[in-house]
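Chain residues, written in single-letter form:
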Amino acid sequence: MSDATASASDAPGALPGGGAPGRAPPLAGVRVLDLSRVLAGPWAGQLLADLGADVIKVERPGAGDDTRSWGPPYLKDAAGRDTGEAAYFLCANRNKRSVTIDMAQPEGQSLVRRLAQQADVLLENFKLGGLKQYGLDYASLSASNPRLVYCSITGFGQDGPYAPRAGYDFLIQGMGGLMSVTGRADGEEGAGPQKVGVALTDIMTGLYATIAVQAALAERERSGRGQHIDLALLDVQIACLANQASNYLAGGVVPRRMGNAHPNIVPYQDFPTADGDMILAIGNDGQFARFCAIAGHPEWAEDARFATNPQRVAHRAVLIPLLRQATVTRTTREWIAALESAGVPCGPINRLDEVFADPQVRARGLRIELPHPQAGTVPLVANPMRLSASPVVYRNAPPQLGQHTDEVLHEWLGLDEAAIAALRRGNVV
């Protein structure tokens, strides 16, 4: 275990057990060249890095990833001054090393090609054909490194009429149908399509990219060759419509916005309480009967209109107002205490400060802190994957721009100080 790994795993709030003694992380030895920016590609790169891959983030000299400037808020140092590192950038770049290379220069393109020859995986999210002009497309790089797994992330994929278009999460949430089923129902105050509160399509694309990369690496063990992965945000968004897409395909009815209600389960939504709101997530008839008993209305569970979930869905408009009249009679805390003791799924609607103060969240160690050269430490959200024998290891905080240029060019390409200094004089790195 390196010194960096030890300090990270011992940092305040870090998950216990930074790694099993003598057991390497699952992807140790895998080299990833990350040419992506913003969120979908960097999210995949961070996951691969958390699993032990050596992920090299290639950034523009002087500017870096767009998200480095997507603030405020910015990470603050011990004196409370902004470090210039945007919180947005921090969320998706842990455990990576940053190298600055100007790919607009021929020498910069040559450096990236040489790095790609040493890589197992390349991540990129340039517009269609954007890297071909530099000789950094899959066809060019695989010719010299046939084992390379090359993952392209675009808005609309490598083919089709929209392929040349730029794709952004918000745009794709709209085009891909997610906003059509998100938001208050027509006729209600504040009705209208609504995007999700985080760039969920980007995140899901990063997850799919991570899975695809690992599948391609596994296939390479059999064939000896890499391959090109074509991931489109639009494809991912539609695939992740899950039951809503299936409801339409199987039932022929276009789903509609229902606020926090569920199209297939009742009651499964938010309800007002005496001091706020709570969520009821009742998934079967037994849970509903137990809720009715606690609510003081056992007759609801015997009513033919409400006794089974299909009947509750059919008579939603009658049942929900009755439940709302009952839930306002107790506080959120009182409801949760009573319902949890009876095995009825329920919970509060927490703000983020309440989320990170929650005893379950604290027990699971979902806030971690890693050493940072400017701020002392940087707070981050832990990786949720729990592997019993080869757990995630937190080696490095999200890197400063170009922090590892010299060491990576020396380690991967064997360049000495004089060669690197010459590249700096030419503004290549």
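Please refer to the structure placed before this passage.
Below: a short report on this structure. Computed from a predicted model, the values in this text were never measured in an experiment. Once a new chain begins, its residue numbering starts again from 1 and follows that chain's sequence as written. Where local features are concerned, this predicted model is filtered to residues with pLDDT of at least 70; where side-chain atom pairs are given and counted, the filter is 80 or more; whole-chain, interface and lining totals use all residues. Remark: hydrogens and water are excluded; side-chain values derive from all non-hydrogen atoms of the structure.

1. Brief notes about the overall build of the protein
Inference 1: Helix numbering and strand numbering both begin at the N terminus, where a helix is a DSSP run of H or I of at least 4 residues and a strand a DSSP run of E of at least 2. The secondary structure content of the protein amounts to 18 helices and 13 strands.
Inference 2: Projected onto its principal axes, the C-alpha coordinates of the protein cover approximately 85 × 50 × 45 Å.
Inference 3: The cut-offs for exposure are 20% and 50% of the maximum accessible area for each residue type, with area from a 1.4 Å probe on protein chains only; residues under the lower value are buried, those over the upper are exposed, and the others partly exposed. A burial count over the protein gives 45% of its 429 residues as buried.
Inference 4: The long-range fraction of contacts in the protein, counting pairs at least 24 apart against all pairs at least 6 apart in sequence, stands at 68%.
Inference 5: Computed by Shrake-Rupley with a 1.4 Å probe, the accessible areas treat only the displayed protein chains as cover when residues are assessed. Surface exposure of the protein reaches about 20,600 Å², of which carbon and sulfur atoms provide 54%.
Inference 6: The positive count covers Lys and Arg only, the negative count covers Asp and Glu only, and His and the chain ends enter neither. We put the charge of a Lys on NZ, of an Arg on CZ, of an Asp on CG and of a Glu on CD. Considering the protein, the positive charge centre built from 39 side chains and the negative charge centre built from 44 side chains are found 2 Å apart. Residue contacts are defined here by distance: any two heavy atoms, one from each residue, within 4.5 Å place the two residues in contact.

2. Looking at the environment of Gly84
Inference 1: Structurally, Gly84 can be placed in strand E4 (residues 82-86).
Inference 2: With 15 residues separating them along the chain, Gly84 and Ser69 place their C-alpha atoms 7.4 Å apart.
Inference 3: For Gly84, the contacting residues outside a window of four places in its chain are Arg68, Tyr74 and Leu75.

3. Remarks on the environment of Val58
Inference 1: Within the secondary structure, Val58 sits in strand E2 (residues 54-59).
Inference 2: Judged by relative accessible area, Val58 falls into the buried class, the value being 9%.
Inference 3: Sequence separation between Val58 and Arg97 is 39 residues, and the spatial gap between their C-alpha atoms is 8.6 Å.
Inference 4: Every residue in contact with Val58, bar those within four places of it in the chain, is listed here: Leu33, Asp34, Leu35, Val99 and Ile101.

4. Regarding the packing of helix H17 (residues 405-413) against helix H18 (residues 417-425)
Inference 1: Each axis is a line fitted through C-alpha atoms, and for a helix only the stretch in contact is used; angles between axes span 0 to 180 degrees, taken between their N-to-C directions. Contact geometry for H17 and H18: axes closest at 10 Å, N-to-C directions at 130 degrees. One element, H17, and the other, H18, form an angle in the oblique class. Here H17 runs over H18; the crossing is right-handed. Contacts between H17 and H18 pair Thr405, Asp406, Leu409 and His410 from the former with Ile420, Leu423 and Arg424 from the latter.
Inference 2: Residues are sorted three ways: Asp, Glu, Lys and Arg are charged, Ala, Val, Leu, Ile, Met, Phe, Trp, Tyr, Cys and Pro are nonpolar, and all the rest, Gly among them, are polar. Residue classes in the contact of H17 with H18 are distributed as three nonpolar, two polar and two charged. Our angle categories are set so that under 35 degrees counts as roughly parallel, over 145 as roughly antiparallel, 65 to 115 as roughly perpendicular, and the remainder as oblique. For any pair of crossing helices, the crossing counts as left-handed if the nearer helix is rotated counterclockwise from the farther one by less than a right angle, and right-handed if it is rotated clockwise.

5. Some thoughts on the pairing of strand E10 (residues 276-281)
Inference 1: We call two strands paired when DSSP finds no fewer than two bridges between them. Where strand E9 (residues 268-273) lies against E10, six bridges are found, and the strand directions are antiparallel. When the bridges of E10 are listed, Gln269 appears paired with Leu280.
Inference 2: The turn linking E9 back onto E10 is made up of two residues.
Inference 3: Here E10 pairs with strand E11 (residues 346-347) via two bridges, running antiparallel. Within E11, the residue paired with Leu280 across the bridge is Cys346.

6. Quick word on the sheet that holds strand E5 (residues 96-100)
Through backbone hydrogen bonds, the strands of a sheet pair up, either in parallel or in antiparallel fashion.
Inference 1: Spatial strand order, E5-E2-E1-E6-E7-E8: six strands in an open sheet with parallel pairing. Each edge of the open sheet carries a strand with a single partner, namely E5 and strand E8 (228-232). Going from strand to strand, the sheet's axes swing by 20 degrees on average, the running direction of each strand aside.

7. Thoughts on helix H2 (residues 40-50)
Count 3.6 residues to each turn of an α-helix, and residues three or four apart come out pointing the same way.
Inference 1: Burial of H2 is extensive: ten of the eleven residues sit out of reach of the surface.
Inference 2: For H2, the full list of buried residues reads Ala40, Gly41, Pro42, Ala44, Gly45, Gln46, Leu47, Leu48, Ala49 and Asp50.

8. Describing the side chain of Asp34
Inference 1: Relative to the assigned elements, Asp34 resides in strand E1 (residues 31-34).
Inference 2: Those residues in contact with Asp34 that sit more than four places away from it in its chain are Gly41, Pro42, Gly45, Val55, Ile56, Lys57, Val58, Lys96 and Leu123.

9. Focus: the nonpolar core
Inference 1: Counting residues in each nonpolar core, the largest one holds 39 residues, and the members touching the most others are Val32, Leu48, Val121, Leu123, Cys151 and Val213.
Inference 2: In terms of residue count, the dominant contributor to this core is helix H7 (residues 200-223) (five residues).
Inference 3: Discounting residues that sit within four places of it in the chain, Val213 has contacts with Leu48, Val121, Leu123, Val149, Cys151 and Ile229.
Inference 4: Only buried residues count toward a nonpolar core. Its members are Ala, Val, Leu, Ile, Met, Phe, Trp, Tyr and Cys residues joined through side-chain atoms within 4.5 Å. Formed by 29 residues, the second largest nonpolar core is a distinct cluster that contains Val99, Leu131, Trp412 and Leu413.

10. Focus on the sheet that holds E10
Inference 1: Here three strands make up an open sheet; going across it, the order is E9-E10-E11 and the pairing antiparallel. In the strand order of this sheet, the two ends are held by E9 and E11, each with one partner.
Inference 2: Sheet contacts for helix H13 (residues 316-327): E9 and E10; angle to E9, the most-contacted strand, approximately 35 degrees.

11. Some thoughts on the pattern of salt bridges
Inference 1: Salt bridge, as used here: a side-chain nitrogen of Lys or Arg that lies within 4 Å of a carboxyl oxygen of Asp or Glu. Counted by the stated rule, this structure contains 20 salt bridges.
Inference 2: A salt bridge links Asp65 to Lys57, with the shortest nitrogen-to-oxygen separation between them at 2.9 Å.
Inference 3: Residue classification places Asp65 among the buried residues on the basis of a relative accessible area of 2%.
Inference 4: Lys57 sits in the buried class, given a relative accessible area of 0%.
Inference 5: Residue Asp82 is joined to Lys76 by a salt bridge in which the shortest nitrogen-to-oxygen separation is 2.7 Å.
Inference 6: The partly exposed category is assigned to Lys76, whose relative accessible area is 46%.
Inference 7: A network of salt bridges, in which partner residues are shared, links Asp54, Arg97, Glu407 and Glu411.

12. Describing the packing of aromatic side chains
Inference 1: Aromatic rings from Phe, Tyr and Trp, with only the six-membered ring used for Trp, were paired whenever their centres fell within 6.5 Å, and each pair was classed as stacked if the ring planes differed by under 30 degrees, edge-to-face if by over 60, and tilted otherwise. Within this structure, the stated rule accounts for four aromatic pairs.
Inference 2: Each ring, one from Trp70 and one from Tyr88, has its centre 5.0 Å from the other, and the planes form 85 degrees; the classification is edge-to-face. Here Trp70 is found in the loop between E2 and strand E3 (74-76), whereas its partner Tyr88 is found in helix H3 (residues 87-90), with 18 residues between them in sequence.
Inference 3: The class for Trp70 is partly exposed, based on a relative accessible area of 40%.
Inference 4: Geometrically, the ring pair formed by Phe291 and Trp335 is stacked, given 5.9 Å between the ring centres and 25 degrees between the ring planes.

13. Looking at a nonpolar patch on the surface
Inference 1: Side chains of Tyr162, Tyr168, Leu171 and Met175 sit close together on the surface and give an oily, nonpolar patch of about 410 Å² of accessible area.
Inference 2: With respect to the helices and strands, Leu171 occurs in helix H6 (residues 169-175). Patches here: salt-bridge-free residues with over 30% relative accessible area, like charges joined within 9 Å, nonpolar side chains (Val, Leu, Ile, Met, Phe, Trp, Tyr) joined within 5 Å.

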